[in-house]
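Topology and contacts: notes
Listed below, chain by chain, are the residues.
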Amino acid sequence: MCSESTMFRRWLLALVVRVGVIALVVCCCLSLLYLLACKPPISYSHEQAQVWAGGATSKEGYLALLQESEDTHRHYINSLSKQIAQLKEALQMRTQQLQESLEKARAKGILPMGLEGLHRPQTHTDLQEFFKAQLSRAEVQSGEKLPSEYAVIPFESFTLHRVYQLEMGLTRHPEERPVRKDRRDELAGTLEIALQVLNGPRRHGEHRRRSYSPSDFIEGLTRTERDKGTVYELMFKGEGPQDFRHLVFFRPFGPVVRVKNERVDTRHMLINIIVPLSRRADTFRQFINNFRKVCIQQEGKTHLTVVYFGRDQIDEVKAIMDQTSRETQFRNFTLIQLNEEFSRGRGLEVGARAWRRSHNVLLFFCDVDIHFTLDFLTSCRLNAEPGKKVFYPVLFSQYNPSLIDNNQSPFPSIQQQLVIMKDAGFWRDFGFGMTCQYRSDFINIGGFDRNTKGWGLEDVHLYRKYLHSKLMVIRSPSRNLFHLWHEKQCADELQPDKYKMCMQTKAMSEASHGHLGELFFTQEIQEHLERQKLLNDSSHLR
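About the thresholds
Within each chain, residues carry numbers counting from 1 in the order of the written sequence. A pLDDT threshold of at least 70 governs which residues receive local features in this predicted model, and a stricter bar of 80 or more applies before side-chain atom pairs are shown or counted, although totals over entire chains, interfaces and linings include all residues. Water and hydrogen atoms play no part in the side-chain values, which are based on all heavy atoms of the structure. Our working definition of a disulfide is a cysteine sulfur pair at a distance within 2.5 Å. A helix here means a DSSP run of H or I that spans at least four residues, while a strand means a run of E at least two residues long, and both kinds are numbered starting from the N terminus. Residue exposure (1.4 Å probe, protein chains only): buried if accessible area is under 20% of the type maximum, exposed if over 50%, otherwise partly exposed. Whenever Lys or Arg places a side-chain nitrogen within 4 Å of a carboxyl oxygen from Asp or Glu, that contact is recorded as a salt bridge. Paired strands, as defined in this entry, are two strands with at least two bridges between them according to DSSP. Note on geometry: axes are C-alpha line fits, over the in-contact stretch for helices, and angles between N-to-C directions span 0 to 180 degrees. Orientation labels follow simple angle bins: below 35 degrees gives roughly parallel, above 145 gives roughly antiparallel, 65 to 115 gives roughly perpendicular, and whatever is left gives oblique. Left-handed describes a crossing in which the near helix is turned anticlockwise from the far one by less than a right angle; the clockwise case is right-handed. We call two residues contacting when some pair of their heavy atoms lies within 4.5 Å. The nonpolar core is taken to be a set of buried Ala, Val, Leu, Ile, Met, Phe, Trp, Tyr and Cys residues, with the residues joined through side-chain atoms within 4.5 Å. Exposure above 30% relative accessible area and no salt bridge define the residues that can form patches, which grow by joining like charges within 9 Å and nonpolar side chains of Val, Leu, Ile, Met, Phe, Trp and Tyr within 5 Å. The Shrake-Rupley method, run with a 1.4 Å probe, gives the accessible areas here. Residue values count only the displayed protein chains as cover. Throughout this entry, Asp, Glu, Lys and Arg are counted as charged residues, while Ala, Val, Leu, Ile, Met, Phe, Trp, Tyr, Cys and Pro are counted as nonpolar. The remaining residues, Gly among them, count as polar. Using a 1 Å grid laid over the protein atoms alone, points where a 1.4 Å probe fits but cannot get out form a cavity; open sets with protein on both sides within 12 Å along at least 5 of 7 lines form a pocket; any residue with an atom within 4 Å of a point counts as lining. Grid points are joined across faces, edges and corners, and a volume is the space filled by probe spheres set on the points.

With that out of the way, let us pick up the state of the cysteines. Simply put, disulfide is the name for a covalent bond between the sulfur atoms of two cysteines. Following the criterion strictly, the structure yields two disulfides and no others. Here Cys380 is linked by a disulfide to Cys436, with a sulfur-sulfur distance of 2.1 Å. For the disulfide bridge between Cys380 and Cys436, the dihedral angle about the S-S bond is near -125°, and by the sign convention the bridge is left-handed. Of this pair, Cys380 sits in helix α9 (residues 374–382) while Cys436 sits in strand β15 (residues 435–438), and the two are 56 residues apart along the sequence. Since its relative accessible area comes to 0%, Cys380 is described here as buried. For Cys436, a relative accessible area of 0% puts it in the buried group. Put simply, Cys490 and Cys502 are joined by a disulfide, and their sulfur atoms are 2.1 Å apart. The sign of the -90° torsion about the S-S bond sets the Cys490-Cys502 disulfide as left-handed. One end of the pair, Cys490, is in the loop between β16 (472–483) and α14 (496–508); the other, Cys502, is in helix α14, with 12 residues separating them in the sequence. Taking relative accessible area as the criterion, Cys490 reaches 13% and is therefore assigned buried.

Below, the structure written as structure tokens:
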């Protein structure tokens, strides 16, 4: 027994020495990596050398070089951070082995002299419980009941270099680079953490994974609940064109807590696009042209349901759909005709309930003057989940192109108009008509108010139903969803409140605040220019 105790002490002392040596080596490695990370890279790329040799003295050239250098340095730091994380994990594993050995020795009463003071570090139980409580209170895993549409905290969407935001005031832009350094560091830091999670050590039995880089990042959503914390949802490309990685993090005014890291398979997510329509055959032809390009030529996993009111121009609409089906061999069309007064809510209700296939389908409520892209359909699939969340994107509404371009000829094409700029349009944050939600959720919530006639308010009523439910409402700007400008007619038969709402929308859709001001003060501006010309002419004569 004595010899066994002596042998165990020798083995334990040898283990302690071995772990100490490993810890010393790891610390040296960390210090070396830190020095390397702080030292700027001394090699320049061939492209950089060409730019400098060409004498790029313009502001754009310097900014391009600065951006490329910043990206190279960031990727270099990310690589070092990954290595540091792996070394930390190895050190933690060795430390845990040492702690377990010390516990066994302490239990047997043979702990060597000098090691009695070593013990397992205290866990911050109170802090961990606080973070868990913050996470459970926040609207991350499920929605919460809200009193009205004004209580919703909208998400902001962001890419690698741009943030798409609703709250602009009169100085900020709908699309811009983050101006504040803390904002830039916040988003970049979250992205780096997500890449560390995706590229981290594989779990036991897990298949070999690809290596993720910032170029695989598609889009992120973020919002802050002031009394709880900030939630981040990040989307990355997956193994294939229809495979994605969805990561959710939560910052409870402290370290980020990983909430979700899951694979999202969209290969079998069919979208039923429902469009209520009355006359407007020319606009429908424009809509079908975009539908052919996005949904037939590129997508294929969509169904179009058109609910038509009345008989006027119905033959033209049928001819457009028949021609499209004949030329593309696309058969996923449904045309429903209703001989009654136009009601948008009624049309969407009929289109949603007309679905007769067995599986639950994802609905996209759309208008005929909406332009969407393939990326929007992906966002539609990723941000709606049956029984859990519905997607209410904020589209970018165009101003009158003839006012923006000063009646230039020829008229700009649709693609030329699809720009997100302060003078080109605005985020239509008062509109709730375009939405992605599953048919089961729509039926369970009670659908639209069937007493609503004509234009307006039916979408607000449905939106409020979801706010009062336990479902999560994803509300964020969508850079791939546009409302094309068209002259708006407010019918005389509308009720006073609806007529006022219609006229307000018409006024907001014409031009920006500054552009309307120029139009309003055109005469004063012209007189000022003439006075300035006279002053300049008189000064030259002197």
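What follows continues from the structure just given.
With that out of the way, let us pick up helix α8 (residues 344–353). Of all the 10 residues making up α8, eight are buried; the element is thus mostly covered by neighbouring parts of the structure. Those residues of α8 not exposed but buried are Arg344, Gly345, Gly347, Leu348, Glu349, Val350, Gly351 and Ala352.

Side-chain pairing between opposite charges can occur once the charged atoms of the two side chains come close. Overall, the coordinates contain 22 salt bridges when judged by the stated rule. Of the charged contacts, one joins Glu139 and Arg223 as a salt bridge, the two residues approaching to 3.1 Å between their closest N and O atoms. Of this pair, Glu139 sits in the loop between α4 (125–137) and β1 (156–158) while Arg223 sits in strand β4 (residues 217–225), and the two are 84 residues apart along the sequence. Taken individually, Glu139 and Arg223 each receive the classification buried, so the pair is uniform in this respect. Note that Arg346 and Glu340 form a salt bridge whose closest N and O atoms lie 3.0 Å from each other.

What follows is about the sheet that holds β4. Ordered in space as β3-β2-β1-β4-β5-β6-β7, the seven strands form an open sheet in which the pairing is antiparallel. The open sheet has two edge strands, β3 (175–176) and β7 (257–265), and neither has a second partner. Across three bridges, β1 lies against β4 in antiparallel orientation. Looking at β4, one finds that Phe158 is bridged to Gly220.

Buried residues dominate strand β5 (residues 229–237), accounting for eight of its nine residues. Pairing between β4 and β5: eight bridges, direction antiparallel. Within β5, the residue paired with Thr222 across the bridge is Tyr232. As consecutive antiparallel partners, β4 and β5 are separated by three residues. In this structure, β5 lies alongside strand β6 (residues 243–251), joined through eight bridges in antiparallel fashion.

A separate point is the packing of helix α6 (residues 281–299) against helix α7 (residues 314–328). Two elements in contact, α6 and α7, have axes whose closest approach is 10 Å; the angle formed by their N-to-C orientations is 20°. Classed by the angle they form, the pair α6 and α7 counts as roughly parallel. Pair α6 / α7 crosses with right-handed handedness. Contact residues: Ala281, Phe284, Arg285, Ile288, Arg292 and Ile296 in α6; Glu316, Val317, Ile320, Met321, Thr324, Glu327 and Thr328 in α7.

This part takes up the nonpolar core. Counting 52 residues, the largest nonpolar core has Ile273, Phe284, Phe287, Leu304, Phe364, Phe372 and Phe376 as its most contacted members. It is α6 that provides the largest number of residues to this core, a total of seven residues. With residues up to four places along the chain from it excluded, the contact list for Phe364 reads Ile271, Asn272, Ile273, Ile274, Phe372, Phe376, Met434, Thr435, Cys436 and Leu481. Of all hydrophobic cores here, the second largest spans 28 residues; its members include Leu270, Ile336, Val460 and Tyr463.

To continue, consider a nonpolar patch on the surface. Taken together, the side chains of Phe520, Phe521, Ile525 and Leu529 define a hydrophobic patch exposed on the protein surface, amounting to about 430 Å² of accessible area. Assignment of secondary structure puts Leu529 in helix α16 (residues 522–541).

Between α6 and α9, whose axes approach to 9 Å, the crossing angle comes to 75°. One way to sum up the angle between α6 and α9 is to call them roughly perpendicular. Side by side, α6 and α9 meet where Val294, Cys295, Gln298 and Glu299 of the first sit next to Leu374, Leu377 and Arg381 of the second. Considered class by class, the residues forming the contact of α6 with α9 number four nonpolar, one polar and two charged.

For the structure on display, the rule yields two cavities of 30 Å³ or more. One number sums up the size of the largest cavity: a volume of about 60 Å³. Residue lining of the largest cavity: Arg428, His483, Trp485, His486, Lys488 and Ser509, and that is the complete set. Grouping the constituent residues of the lining of the largest cavity by class yields one nonpolar, three polar and two charged. There is about 40 Å³ of room inside the second largest cavity.

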